[in-house]
Amino acid sequence: MDWDKLRIFHAVADAGSLTHAGDTLHLSQSAVSRQIRALEESLNTTLFHRHARGLILTEQGELLFDATRSMNKRLEAASARIRDSEEEVFGELRVTTTTGFGTLWLAPRLPKLYEKYPDLKIDLMLEERVLDLPMREADVAIRMKEPSQADLIRKRLMSVRMRLYATRAYLAENGTPQTVEDMTNHRLICQSLNSIQVSAGATLVQHLMTQDIHKLFTVNNYFGVLQGVISNIGIGVLPDYVTEDFTDLVRVLPDLESGEVPVFLAYPEELRQSQRIAAFRDFVQDEIFSHRRKMREAAEL
């Protein structure tokens, strides 16, 4: 099979349109169409169903697209390794983590990374779904459990616990619960139990639900829970790392917390020598060290 035709086929399959693929490849629609027809003729099969709204892959087209997608990931990995042979830190780094950690902890700290490496481009992908690092769906991941995928370099960064928080204003107006039974007098803000979340957080919420709490506000991520808490809607279940940046939060029922949640940084073995990965890893580790120190100092006050 002709490599150039495969490249064009991949762009068309990815875009679902001859026109959009042509724009990406800087080719006319007719030129793209000719290449696709020639590829279909060489394989003696139909790769696309054509209809008014675009193109849909046939079963044979899906098989070929799986192959070209894998090839494309490997080429991206090779390209990244070649670029990373330079000492200068630049280019794109695709980082994946959870919505809560990405919005509440990581993103507010990225200006420090950009200040040190202004030519580094971060593509931050916030997903509860675990992306496939060996298949290059992302370059580096920060997850709330140890990665199970093979061929990954992994490092434990810290531990997190889910705790109850409210604002000073809310507690001044509504009172501070002294026992878990007192939570029946407050609105609980938490992730819904059917949303993707760490099991330790879900277990804590299930325990609170045994108190027959009638007033409830559920959200599908911790960013939404935090917004509810700082809007004085009620008392929220939040990861303990939020207290460093949101100093108006007061911990409620300090003897009640979730089990320990480990936080891991991971990246593919083949990116071991990546200068971008090293820069990001060192930055996160430095910020974690600073975070721990501030948490210790706050606990001693």
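Everything here concerns the structure above.
Parameters and conventions
- Residues numbered from 1 in each chain as written.
- Predicted model: local features only at pLDDT ≥ 70, side-chain atom pairs only at ≥ 80, totals over all residues.
- Heavy atoms only, no water.
- Helix = DSSP H or I, 4+ residues; strand = E, 2+ residues; numbered from the N terminus.
- Rg over C-alpha atoms; globule rule 2.2 N^0.38 Å.
- Buried < 20%, exposed > 50% of the residue type's maximum accessible area, 1.4 Å probe, protein only.
- Contact = heavy atoms within 4.5 Å.
- Areas by Shrake-Rupley, 256 points an atom, 1.4 Å probe, with all protein chains shown as cover.
- Salt bridge = Lys/Arg side-chain N within 4 Å of Asp/Glu carboxyl O.
- Axes fitted to C-alpha atoms, helices over the stretch in contact; angles between N-to-C directions.
- Parallel < 35°, antiparallel > 145°, perpendicular 65-115°, else oblique.
- Nonpolar A, V, L, I, M, F, W, Y, C, P; charged D, E, K, R; others polar.

A.B. asks: Could you give me a rundown of the overall build of the protein chain, with the residues and numbers involved?
C.D. replies: In terms of regular secondary structure, the protein chain is built from ten helices and twelve strands. Relative to the globule expectation of 19 Å for 301 residues, the C-alpha radius of gyration of the protein chain, 24 Å, shows a markedly less compact shape. Per-residue burial for the protein chain yields a buried fraction of 47% across its 301 residues. Intrachain contacts of the protein chain at a sequence separation of at least 6 include 75% that bridge at least 24 residues. Element-wise, carbon and sulfur atoms account for 49% of the exposed surface of the protein chain, whose accessible area totals about 15900 Å².

A.B. asks: Can you tell me about the environment of E146, naming the residues and giving the values?
C.D. replies: Position of E146 relative to the elements: it lies in the loop between strand 5 (140–143) and strand 6 (152–160). Taking relative accessible area as the criterion, E146 reaches 45% and is therefore assigned partly exposed. Residues E146 and V261, 115 residues apart in the sequence, show an inter-C-alpha distance of 9.8 Å.

A.B. asks: Go over the pattern of salt bridges with me, naming the residues and quoting the values.
C.D. replies: For the structure shown, the criterion picks out 22 salt bridges. Salt-bridge contacts for R94 lead to D139; the nearest nitrogen and oxygen are separated by 3.2 Å. In this pair, R94 sits in strand 3 (residues 91–97) while D139 sits in the loop between strand 4 (120–126) and strand 5, placing the two residues 45 residues apart along the sequence. Given a relative accessible area of 4%, D139 falls into the buried group. As a salt-bridge pair, D245 and R109 come within 2.9 Å of each other at their nearest N and O atoms. Note that D245 is positioned in the loop between strand 10 (235–239) and strand 11 (249–257) and R109 in the loop between helix 5 (99–106) and helix 6 (110–116), a separation of 136 residues in sequence. Via salt bridges that share partners, R109, K112, E244, D245, E287 and K294 belong to a single interconnected network.

A.B. asks: I'd like a description of the packing of helix 2 (residues 18–25) against helix 3 (residues 29–43), backed by residues and values.
C.D. replies: When two helices pack together, their arrangement is given by the angle between their axes and by how far apart the axes lie. Orientation of helix 2 relative to helix 3, taken along the N-to-C sense of each, is 105°, at an axis distance of 8 Å. By the criterion of interaxial angle, the relationship of helix 2 to helix 3 is roughly perpendicular. On the side of helix 2, the interface is formed by L18, T19 and G22, while helix 3 contributes Q29, V32, S33 and I36. Residues of the contact of helix 2 with helix 3, tallied by class, amount to three nonpolar, four polar and no charged.

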